[in-house]
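Structural features, examined
Listed below are the residues making up each chain.
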Amino acid sequence: MNEEYLRQAVAKAKEMCAQRGEAFDLRLFITGVSKRAVQLSKGYRRLISLAPNENPPYLDLALREVAAGKIIIERGDYRAIEQAERENMEISSVND
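Residues numbered from 1 in each chain as written. Predicted model: local features only at pLDDT ≥ 70, side-chain atom pairs only at ≥ 80, totals over all residues. Heavy atoms only, no water.

1. Some details on the environment of Glu65
Inclusion rule: Helix numbers and strand numbers start at the N terminus; a helix is a DSSP run of H or I with at least 4 residues, a strand a run of E with at least 2. Accessible area is worked out with a 1.4 Å probe on protein chains only. A residue is then buried under 20% of its type maximum, exposed over 50%, and partly exposed in between. It only takes one pair of heavy atoms within 4.5 Å for two residues to be counted as in contact. In the analysis that follows, any N or O atom pair within 3.5 Å is treated as a polar contact, provided that within protein one partner can donate a hydrogen and the other can accept it, and provided that, for residues neighboring in sequence, both atoms belong to side chains.
When you line up the elements, Glu65 lands in helix H3 (residues 58-67). Here Glu65 falls in the buried class, since its relative accessible area comes to 0%. With 18 residues separating them in the primary sequence, Glu65 and Leu47 have C-alpha atoms 6.5 Å apart. Apart from the residues within four sequence positions on either side, Glu65 is in contact with Arg36, Leu40, Arg45, Arg46, Leu47, Ile48, Lys70 and Ile71. From its side chain, Glu65 meets the backbone nitrogen of Leu47 in a polar contact 2.8 Å long.

Quick look at the structure:
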C-alpha cells in the first residue's frame, strides 16, 4: 500500500465528512476502501484513468479513487449497496 495515496485519501474523506457535518470514522473508512478494493478485484470498472501499462494494486487504486473524490464512504442503506452490486455484476456478466 502506498502511504501517499493513503494520506491523500484520508484527507479527502475527512474533508467530505466535514462538508456533510459528520465526524470522520476510521473504521468506516477502512471498511469502505477494503470493500472497493474487493470490488475492483472482481472486475468492477475503475473510476479513474490509469497510464498505459499501469497496473497498481487494488488497494492503491481504491485509495486513489477516494482521493479523487470518485468514491464517497459514508454510512448508508446496505440494501441499496447490495442492489447496486448485483446490478453491476449482472451488467459485467452480460458484457463478458
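2. A short note on the packing of aromatic side chains
Just so we agree on the cut-off: Pairing of aromatic side chains requires ring centres within 6.5 Å, counting the rings of Phe and Tyr and the six-membered ring of Trp. Pairs whose planes differ by under 30 degrees are stacked, by over 60 edge-to-face, and all others tilted.
Summed over all chains, the structure comprises 1 aromatic pair. Arranged with centres 5.7 Å apart and planes meeting at 50°, the rings of Phe24 and Phe29 form a pair that is tilted.

3. Some details on the packing of helix H2 (residues 26-41) against H3
Stated precisely, the cut-off is as follows: Structural elements are reduced to axes, namely lines fitted to C-alpha atoms, with helices fitted over the stretch in contact, and the angle between N-to-C directions of any two is expressed from 0 to 180 degrees. Oblique is the label for any angle not covered by the other classes, which are roughly parallel (under 35 degrees), roughly antiparallel (over 145) and roughly perpendicular (65 to 115). Should the near helix be turned anticlockwise from the far one by less than a right angle, the crossing is termed left-handed; should it be turned clockwise, right-handed. In this classification, Asp, Glu, Lys and Arg are treated as charged, Ala, Val, Leu, Ile, Met, Phe, Trp, Tyr, Cys and Pro as nonpolar, and every other residue, Gly included, as polar.
Two elements in contact, H2 and H3, have axes whose closest approach is 8 Å; the angle formed by their N-to-C orientations is 120°. Classified by the angle their axes make, H2 and H3 are oblique. Read as a crossing pair, H2 and H3 show a hand that is right-handed. Of the residues in H3, those touching H2 at Phe29, Val33, Arg36, Ala37, Leu40 and Ser41 are Tyr58, Leu59, Leu61, Ala62, Leu63, Glu65 and Val66. Its residues assigned to classes, the contact of H2 with H3 shows 10 nonpolar, 1 polar and 2 charged.

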